[in-house]
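Letter by letter, the chains look like this.
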Amino acid sequence: PGTVLVGLNDRKPEWHDAWEIDIASGERRLVERNDQEIGGYFAGLDLKPRLALRTLPEGGEILRRKGDGWERMLAYGQADSLTTQPLGIEGDGKSALLLSSVDRNTAALMRVNLADGTTTVIGESPKADVQDVWTDPRSRTPEAYSVNHLRNTFVPVVPEAEKDIATLSKALGGDFSVVSRTLDDSRWILATDDPTHGESSHLYDRGSGKVTKLFDQRPALAGMPLQPMHALEIRTRDGLTMVSYLTLPPGSDANGDGRPDRPVPMVLNVH
């Protein structure tokens, strides 16, 4: 905790070198001189870079350490550039986690063997990309992941995560994310995005299972008449399924079934 790996571009403005910095003294040591136009490094718990990203005209590539240099491990095109990325190096330094949509319709959570580049799928969904991934603070092994199709849904990778998912889903609903976790994993900071209450931050004590609200991120919305969103699938005329969210005006849906009691004006926001 007293040492951090930082990217600094004071040598060459276009590219960042990797430096190890002692937080208490400010002393720094060069770890990696970036002469290969690397866009970002991913280091293990020992702060040694083991993966790197490089942007290319046709998309990009993920590189793995080989000796003192780098070699290509995975290349991807523009269509996969927003849904393919390393997540981090696991604790033993022999494997890494990444999201990849290469040769797939949706992004999957994968583990890659850094010695030979082979990959195995840990989690996937045919309907949507894997998004948020929970990893153990000490070992960095995956514990759960989320898929957001109509609502944000968490899937456990290890049995211990089932209790956390159940506790947090009951206290906060489905639309929450883990922001940070203490090193001993006893407390978590969470963020929620509730259509009827706005965004807020919470503290989760895993020992007691207690969830405490810390603050609203947009206090001006607190107490305002915000309306729920109804998640819908709409069949388009060309046979595809379109994920949509319907918000009805206050007082127009007495029984809360997502259908107005009488026709109301509609605004369609396509994005």
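What comes next is a walk through the structure. Note that the coordinates shown come from a computational prediction; the quantities given were computed from them, not determined experimentally.

Calculation rules
Per chain, residues are indexed from 1 in the order of the written sequence. Restriction of local features to residues with pLDDT of at least 70 applies here, the model being predicted, together with a cutoff of 80 or more for giving and counting side-chain atom pairs; totals for whole chains, interfaces and linings are based on all residues. The basis for every side-chain value is the complete set of heavy atoms in the structure, and neither hydrogens nor water enter the calculation. Helix and strand assignments follow DSSP, with helices taken as H or I runs no shorter than four residues and strands as E runs no shorter than two, numbered in order from the N terminus. Exposure is judged per residue with a 1.4 Å probe applied to protein chains only, and the accessible area is read against the type maximum: over 50% gives exposed, under 20% gives buried, and values in between give partly exposed. Here, two residues are considered to be in contact whenever any of their heavy atoms come within 4.5 Å of each other. Computed with a 1.4 Å probe, the accessible areas rest on the Shrake-Rupley method; for each residue, only the protein chains presented here act as cover. For the purpose of counting charges, residues Lys and Arg are taken to be positive, whereas Asp and Glu are taken to be negative. His and the chain ends are not included. Just so you know, the charge point we use is NZ for Lys, CZ for Arg, CG for Asp and CD for Glu. Expected helix span is computed as 1.5 Å times (number of residues minus one). What the arc covers is the set of directions going from the helix axis to the C-beta atoms. Two strands pair if DSSP finds at least two bridges between them. Convention adopted: a line fitted to C-alpha atoms gives each axis, helices being fitted over their contacting stretch, and angles between N-to-C directions are expressed from 0 to 180 degrees. Two distance rules govern patches: like charges are joined within 9 Å, and nonpolar side chains (Val, Leu, Ile, Met, Phe, Trp, Tyr) within 5 Å, applied only to residues with over 30% relative accessible area and no salt bridge. One side-chain nitrogen of Lys or Arg within 4 Å of one carboxyl oxygen of Asp or Glu is enough to make a salt bridge.

1. A word on the overall build of the protein chain
Here comes step 1: When helices and strands are counted, the protein chain shows 1 helix and 20 strands.
Here comes step 2: Counting only C-alpha atoms, the protein chain reaches 70 × 50 × 40 Å along its principal axes.
Here comes step 3: Counting all 271 residues of the protein chain, 31% fall into the buried class.
Here comes step 4: Residue pairs in contact within the protein chain that sit at least 24 positions apart in sequence constitute 25% of those at least 6 positions apart.
Here comes step 5: Total accessible area computed for the protein chain in this model is approximately 16500 Å², and 52% of it derives from carbon and sulfur atoms.
Here comes step 6: Side-chain charges in the protein chain split into 31 positive and 40 negative, and the spacing between the mean points of these groups amounts to 1 Å.

2. What about helix H1 (residues 160-172)?
Here comes step 1: In this model H1 runs 19 Å from its N-terminal to its C-terminal C-alpha over 13 residues, within 8% of the 18 Å that 1.5 Å per residue would give.
Here comes step 2: Residues of H1 that are buried: Ala161, Asp164, Ile165, Leu168 and Leu172. Axial view of H1: buried residues confined to an arc of 100°, hence all on one face. Every exposed residue of H1 that faces more than 90 degrees away from the buried side is listed here: Lys163 and Lys170.
Here comes step 3: At the C-terminal side of H1, Gly173 shows a positive phi close to 85°.

3. Description of the sheet that holds strand E12 (residues 130-135)
Here comes step 1: Spatial strand order, E12-E13-E14: 3 strands in an open sheet with antiparallel pairing. Every interior strand has two partners, whereas the edge strands, E12 and strand E14 (152-156), have only one. Sheet twist, expressed as the mean angle between neighbouring strand axes with direction ignored, is 25°.
Here comes step 2: Pairing between strand E13 (residues 142-148) and E14: 5 bridges, direction antiparallel. Directly across from Ser146, in E14, lies its bridge partner Phe154.
Here comes step 3: Across the face of the sheet, H1 comes into contact with E12, E13 and E14 while running at roughly 155° to E14.

4. Here's the deal with a nonpolar patch on the surface
Here comes step 1: Together, Met229, Val243 and Tyr245 make up a nonpolar patch on the protein surface, roughly 260 Å² of accessible area in all.
Here comes step 2: Of the residues examined, Val243 reaches a relative accessible area of 34% and is grouped as partly exposed.

5. What about the sheet that holds strand E6 (residues 59-66)?
Here comes step 1: In spatial order, the strands read E4-E5-E6-E7; together these 4 strands make up an open sheet with antiparallel pairing. Each edge of the open sheet is held by one strand with a lone partner, namely strand E4 (40-43) and strand E7 (69-77). On average, each strand axis in the sheet is inclined to that of its neighbour by 25°, with strand direction left out of account.
Here comes step 2: Bridge analysis of strand E5 (residues 49-56) against E6 gives 6 bridges, and the strand direction is antiparallel.

6. Overview of the pattern of salt bridges
Here comes step 1: With the rule as written, the count across this model stands at 19 salt bridges.
Here comes step 2: Here Arg54 makes a salt bridge to Glu61, at a shortest N to O gap of 2.8 Å.
Here comes step 3: Residue Arg54 is classed as partly exposed on the basis of its relative accessible area of 23%.
Here comes step 4: Its salt-bridge partner being Asp185, residue Arg181 comes within 2.9 Å of it at the nearest N-O pair. When sorted by exposure, Arg181 lands in the same class as Asp185, which is buried.
Here comes step 5: Connected via shared salt-bridge partners are Glu143, Asp164, Arg181, Asp185 and Arg206.

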